[in-house]
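Descriptive analysis of the structure
The residues making up each chain are set out below.
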Amino acid sequence: MPCPNRKTWFWLLFGMYCLLMLWLLFFHRIGAELMPFRYNLRPWDTINRYLWVLRHSANDVQRRYAAANLVGNVVLFLPFGVFLPTLFPKLRTLGRFSLMAVITILSVELLQLFTGLGALDVDDVSLNLLGIFSGFLLWRMINACNGKW
């Protein structure tokens, strides 16, 4: 049996990544946040609260939660920014990539809001997009160094 090529491995990893993200974004807290229509539309509100906790709270649990949310919202979406241009050549331009990134993140946030399995938070949108665009930048740097995928 022939060994799968690199593209096949990327598709398998992307599928596993998508399943993990579905679980993290919608199902790992099921029952804990079934409160429909929770939202934050004020930029920097959530980020500032988490930063305040990191600077001023003596509670280690609160500090870990704040750090995990700030860093996690960026890091968890970084692979998405690498997978998209790798697997979908039409998304290798900044314009198309940006459109797909924004549509994806807004879809996730709206699904969380309307299913009650999360909350729409403009700060999550910003942090998630930071992660996705960091992944895209990483992809561009790797691509520039190693040639085409």
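Look up a bit, the structure's there.
Reference entry: report on the structure contained in this document. (Residues numbered from 1 in each chain as written. Predicted model: local features only at pLDDT ≥ 70, side-chain atom pairs only at ≥ 80, totals over all residues. Heavy atoms only, no water.)

**Thoughts on the packing of aromatic side chains**
Rule in force here: Centres within 6.5 Å are what make two rings of Phe, Tyr or Trp a pair, Trp counting through its six-membered ring; a difference in plane orientation under 30 degrees is then read as stacked, over 60 as edge-to-face, and the rest as tilted. Starting at the N terminus, helices and strands are each numbered in turn, a helix being any DSSP run of H or I of at least four residues and a strand any DSSP run of E of at least two. The buried label applies to any residue whose accessible area, calculated with a 1.4 Å probe on protein chains only, is under 20% of its type's maximum; exposed applies above 50%, and partly exposed to all values in between.
Inspection of every chain in the model, using the stated rule, returns 12 aromatic pairs. Ring geometry for Tyr 17 against Phe 83: centres 5.7 Å apart, planes inclined by 40 degrees, an arrangement best described as tilted. Placement of Tyr 17 in helix 1 (residues 6-27) and of Phe 83 in helix 4 (residues 78-87) is noted, with a sequence separation of 66 residues between them. Across this residue pair, the class does not change: Tyr 17 and Phe 83 are buried. Geometrically, the ring pair formed by Phe 136 and Trp 139 is stacked, given 5.9 Å between the ring centres and 25 degrees between the ring planes. With a gap of three residues between them, Phe 136 and Trp 139 both fall in helix 6 (residues 122-146), about one helical turn apart. On the basis of relative accessible area, Phe 136 is assigned to the buried category, the value being 4%. In this structure an aromatic cluster arises from ring pairing among Phe 10, Trp 11, Phe 14, Tyr 17, Phe 80, Phe 83 and Phe 88.

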